[in-house]
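# Tertiary structure, described
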Amino acid sequence: MPVSAHPDLPALERDPVTMRVLVTGAAGFLGSHLTDRLLGEGHTVVGVDNLSTGDPENLAHLAQEPRFQFVERDICRPFDPGPVDYVFNLASPASPPEYLRLGLETLRVGSAGTENTLEIAARYGAGHLHSSTSECYGDPLVHPQRENYWGHVNPVGPRSVYDEAKRYGEALIMAYHRSRGVNTHLARIFNTYGPRLHPSDGRVVSNFLMQALRGQPLTVYGDGSQTRSFCYVDDLIEGILRLSRSGEHFPVNLGNPGEFTIIECAQAVLEVTGSKSTLCFESLPEDDPARRCPDITKARTLLGWEPQITLREGLRKSLEFFRSKAAAGA
Ligand code: NAD
């Protein structure tokens, strides 16, 4: 049955076995990996992205893929991709330098943009997964963080554009579930890394890898004793897919419960790259959380999911990508 025409998109035949899936933020780090995985499972993917922080290079390998369509647009303007079976809403600036640069856009995509994707899911009876974040816990007073912890967030600090957009997004998701019966899913994603993480967007692992490969000092903010958990991208995508196929509508933490100090992460990067770089210390950004570590009991129990890839393995798997970026002068 041909899908009803949308001005931006050619009609597609709908396959009864596989799904037609909308991925917002498809040109980003997680969106492009999710797209690859969905296509690998035989689904058809419509990828939407305004390229504000994403890179078309992340999707370049799909140029000849007939089951993939890319639409460049801002999801804050209402749009209709035609009938879809599932919506993965990943669009949002995600790294501190980007959401601080794009503060208003971040608030808008977390609110108006997210609502537009929920309207699409409601219209077509599609499932919907929203990419929320561990930032909902703010600078947490409880360790490790469980989903029933309400968080410790500064609502007016510089990071609030991201944290509060994501918290509002969670409220919106639950309201569409409760009031409109949408089959929603909420992934609270913790630090994730891997190939295609933007080499210069200021996240810990990409910063360290690029600095190590360039032979520059690794920049540690504060004294480096603050902790983070680092999840390799393949593990995270597996968790997202399992959650999307579950009956759970409340938030589920997805991340690696292994807790590393920033100094330990820097040491792992130096070891894996074989770099002789030193460490340099700079002052801690405002509201930088002191500790961040997911309790993934819920994901383990409900989804049978837990990360399989250690930090050192993940760093090794990421090396080729970051080496090519460093060689290209990124
Ligand atoms: P990313 O910046 O690589 O990808 C986000 C994509 O969204 C980009 O391609 C960007 O161009 C696109 N986008 C932004 N605003 C848009 C808009 N208005 N319309 C259309 N497209 C828009 O970031 P990522 O790391 O892939 O993150 C994906 C999602 O996962 C984000 O929602 C982020 O908040 C969430 N998340 C990521 C992590 C992580 O560690 N990577 C952790 C927690 C949550």
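That block above? That's the structure.
Parameters and conventions
- Residues numbered from 1 in each chain as written.
- Predicted model: local features only at pLDDT ≥ 70, side-chain atom pairs only at ≥ 80, totals over all residues.
- Heavy atoms only, no water.
- Helix = DSSP H or I, 4+ residues; strand = E, 2+ residues; numbered from the N terminus.
- Polar contact = N/O pair within 3.5 Å; in protein donor to acceptor, adjacent residues only side chain to side chain.
- Core = buried A, V, L, I, M, F, W, Y, C linked by side-chain atoms within 4.5 Å.
- Buried < 20%, exposed > 50% of the residue type's maximum accessible area, 1.4 Å probe, protein only.
- Contact = heavy atoms within 4.5 Å.
- Expected span 1.5 Å × (residues − 1).
- Bend = angle between axes of the 7 residues up to and from the residue.
- Salt bridge = Lys/Arg side-chain N within 4 Å of Asp/Glu carboxyl O.
- Near = heavy atom within 4 Å.
- Areas by Shrake-Rupley, 256 points an atom, 1.4 Å probe, with all protein chains shown as cover.
- Nonpolar A, V, L, I, M, F, W, Y, C, P; charged D, E, K, R; others polar.

### What about the environment of E313?
- Topologically, E313 is positioned in helix 9 (residues 311-327).
- Placed 81 residues apart in sequence, E313 and Y232 show a C-alpha to C-alpha distance of 8.8 Å.
- A polar contact of 2.9 Å, which involves the side chain of E313, links it to the backbone nitrogen of T310.

### Comments concerning the nonpolar core
- Among the nonpolar cores identified, the biggest contains 57 residues, and L34, F88, L254 and L315 are the most heavily contacted of them.
- Per element, the largest residue contribution to this core is eight residues, and it comes from helix 7 (residues 262-273).
- Residues contacting F88, with those up to four places away along its chain left out, are V21, L22, V23, T24, L34, L38, L129, I240, L241 and S244.

### As for unusual backbone geometry
- Looking along the chain, the bond that leaves H143 and enters P144 is cis, with omega of -20°.
- Mapped onto the elements of the fold, P144 is located in the loop between strand 5 (127-133) and helix 4 (160-180).
- At L51, a residue that is not glycine, the phi angle is positive and equals roughly 60°.
- Tracing the sequence through the fold places L51 in the loop between strand 2 (44-49) and strand 3 (68-72).

### With respect to helix 9
- Its 17 residues give helix 9 an end-to-end C-alpha distance of 23 Å, which sits within 8% of 24 Å, the value for a rise of 1.5 Å per residue.
- By the largest-angle criterion, L319 marks the main kink of helix 9, which is about 40°.
- Among the residues of helix 9, L311, G314, L315, S318, L319, F321, F322 and K325 are the ones counted as buried.
- Against strand 7 (192-193), helix 5 (204-214), strand 10 (231-232), strand 12 (259-261) and helix 7 lie the buried residues of helix 9.
- Looking one or two residues beyond helix 9, the residue adopting positive phi is G329, at roughly 80°.

### With respect to the pattern of salt bridges
- Scanning all chains against the criterion turns up 18 salt bridges.
- Taking the shortest distance from any N to any O, the salt bridge between R167 and E164 comes out at 3.6 Å. Of this pair, R167 and E164 are both found in helix 4, three residues apart, which corresponds to roughly one turn of the helix.
- Overall, R167 belongs to the partly exposed group, its relative accessible area being 30%.
- One salt-bridge network, held together by shared partners, links R37, E41, E238, R242 and R245.

### Some points on the site of the ligand
- The immediate surroundings of the ligand are formed by 31 residues, with L30, D49, T53, D74 and Y162 found nearest.
- Residue G28 places a main-chain N or O atom 3.1 Å away from an oxygen atom belonging to the ligand.
- When the ligand sits alone it has 820 Å² of accessible area, and the protein chains cover 96% of it.
- Listing elements by their share of the shell around the ligand, those giving two or more residues are helix 1 (29-40), strand 5 and helix 4.
- It is strand 5 that contributes the most residues to the shell around the ligand, three residues altogether.
- Its residues assigned to classes, the shell around the ligand comprises 14 nonpolar, 12 polar and five charged.

### Some details on helix 6 (residues 233-244)
- Over its 12 residues, helix 6 extends 16 Å from the first C-alpha to the last, a length consistent with the 16 Å expected when each residue adds 1.5 Å.
- Within helix 6, nine of the 12 residues are buried, which leaves the element mostly enclosed by the surrounding structure.
- If you check which residues of helix 6 are buried, you get V233, D235, L236, I237, G239, I240, L241, L243 and S244.

### Focus on the side chain of S277
- Among the secondary structure elements, S277 is positioned in the loop between helix 7 and strand 13 (279-282).
- At 2.7 Å, the side chain of S277 forms a polar contact with the backbone oxygen of Q216.
- Those residues within four positions of S277 in sequence are excluded, and the remaining contacts are Q211, A212, G215, Q216, P217, L218 and L270.

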